[in-house]
Amino acid sequence: MESNASMVVHAWEAASVVTDWQRPAALLSALAGMPLPQALHLGIARRDAALVAWRSALFGTTQWPAFAQCPACKTMLEYELPRSSATADDSESIVIEVDGNHLNAKWPSSLDLADAAACPNSQAGRELLLQRMLPEPVADDLIAPVLAALADAHHGFMGIDLQCPECGKVWSEVFEAGEFLWREVRAAGRRILREVDALARAYGWTETEILRLSDMRRNEYLAMVQ
Ligand SMILES: [Zn+2]
């Protein structure tokens, strides 16, 4: 079985050579051994729920400390993401209600979002997203309410409402599981390579041999050489 250290380094490497929008999918692809095109096609709810689970598996933590800056008075705020964001529902579809009708929509994938962002204007981007997410076209007068319902569903899944303790301003932040995990994987990957360097110098072991050690054994050896 591959050690955590080895998986972190591989995920860091895989995610550092792709463009920003592909990064969450690239992390999942490296960690889960899933081909990148398949990860890019996953709905973002399922993708992010999987990333949340991988974060717990790799780093053994269920805490989600986060920082935000008040948009009004610039006070920095430290907060804990609610458990509901971190144990997201991982289905491929969402049911939204518009004018008393229930519509079954598919979560967009990383590719859908990138395609929408590449549209010449936001109107075209929204239309493309609706096409990808809904099984059939909606009437023109329903487009705005459908988009609002989809935004609400997205906010319920990945959004968090914050209030500034200094000025009372209320605003929303979007929780980006991929971005969150990427920062941690990058920091841990750099730390692990420094540890490999120290152990290779001290014992003459190869990178493969050192990455194969469990975290516990690597840390014990490090304590002996430092
Ligand atoms: Zn404020």
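Our subject in this report is the structure included herewith.

Thresholds, definitions, all that
Residues numbered from 1 in each chain as written. Predicted model: local features only at pLDDT ≥ 70, side-chain atom pairs only at ≥ 80, totals over all residues. Axes fitted to C-alpha atoms, helices over the stretch in contact; angles between N-to-C directions. Helix = DSSP H or I, 4+ residues; strand = E, 2+ residues; numbered from the N terminus. Parallel < 35°, antiparallel > 145°, perpendicular 65-115°, else oblique. Left-handed = near helix turned anticlockwise from the far one by under 90°. Contact = placed C-beta atoms within 7 Å. Nonpolar A, V, L, I, M, F, W, Y, C, P; charged D, E, K, R; others polar. Buried ≥ 20, exposed ≤ 12 C-beta atoms within 10 Å, placed from the backbone.

1. Quick look at the packing of helix 4 (residues 44-59) against helix 9 (residues 177-203)
For step 1, the next point in the chain: The contact between helix 4 and helix 9 brings their axes to 9 Å, and the two run at 25°. Considering the angle they form, helix 4 stands roughly parallel to helix 9. As for the relative orientation of helix 4 and helix 9, their crossing is left-handed in sense. When helix 4 is examined against helix 9, the residues Asp48, Leu51, Val52, Trp54, Arg55 and Phe59 are found in contact with a partner set consisting of Ala177, Gly178, Leu181 and Glu184.
For step 2, the next point in the chain: In the contact of helix 4 with helix 9, the residues fall into six nonpolar, one polar and three charged.

2. Let's talk about the environment of Gly125
For step 1, the next point in the chain: With respect to the helices and strands, Gly125 occurs in helix 7 (residues 122-133).
For step 2, the next point in the chain: Assessed through the 16 C-beta atoms surrounding it within 10 Å, Gly125 is described here as partly exposed.
For step 3, the next point in the chain: Put simply, Gly125 and Arg191 are 66 residues apart on the chain and 40 Å apart in space, counted from C-alpha to C-alpha.
For step 4, the next point in the chain: Setting aside residues up to four positions removed in sequence, Gly125 forms contacts with Ala116, Ala117 and Cys119.

3. Topic: the packing of helix 2 (residues 23-32) against helix 4
For step 1, the next point in the chain: Packing of helix 2 against helix 4 leaves a shortest axis separation of 10 Å and a crossing angle of 55°. Considering the angle they form, helix 2 stands oblique to helix 4. Relative to helix 4, helix 2 is oriented so that their crossing is left-handed. Across the interface between the two elements, Pro24, Ala25, Leu27, Leu28, Leu31 and Ala32 from helix 2 touch Arg47, Ala50, Leu51 and Trp54 from helix 4.
For step 2, the next point in the chain: The class makeup of the residues in the contact of helix 2 with helix 4 is nine nonpolar, no polar and one charged.

Remember, this is a structural readout, not a statement about activity or role.
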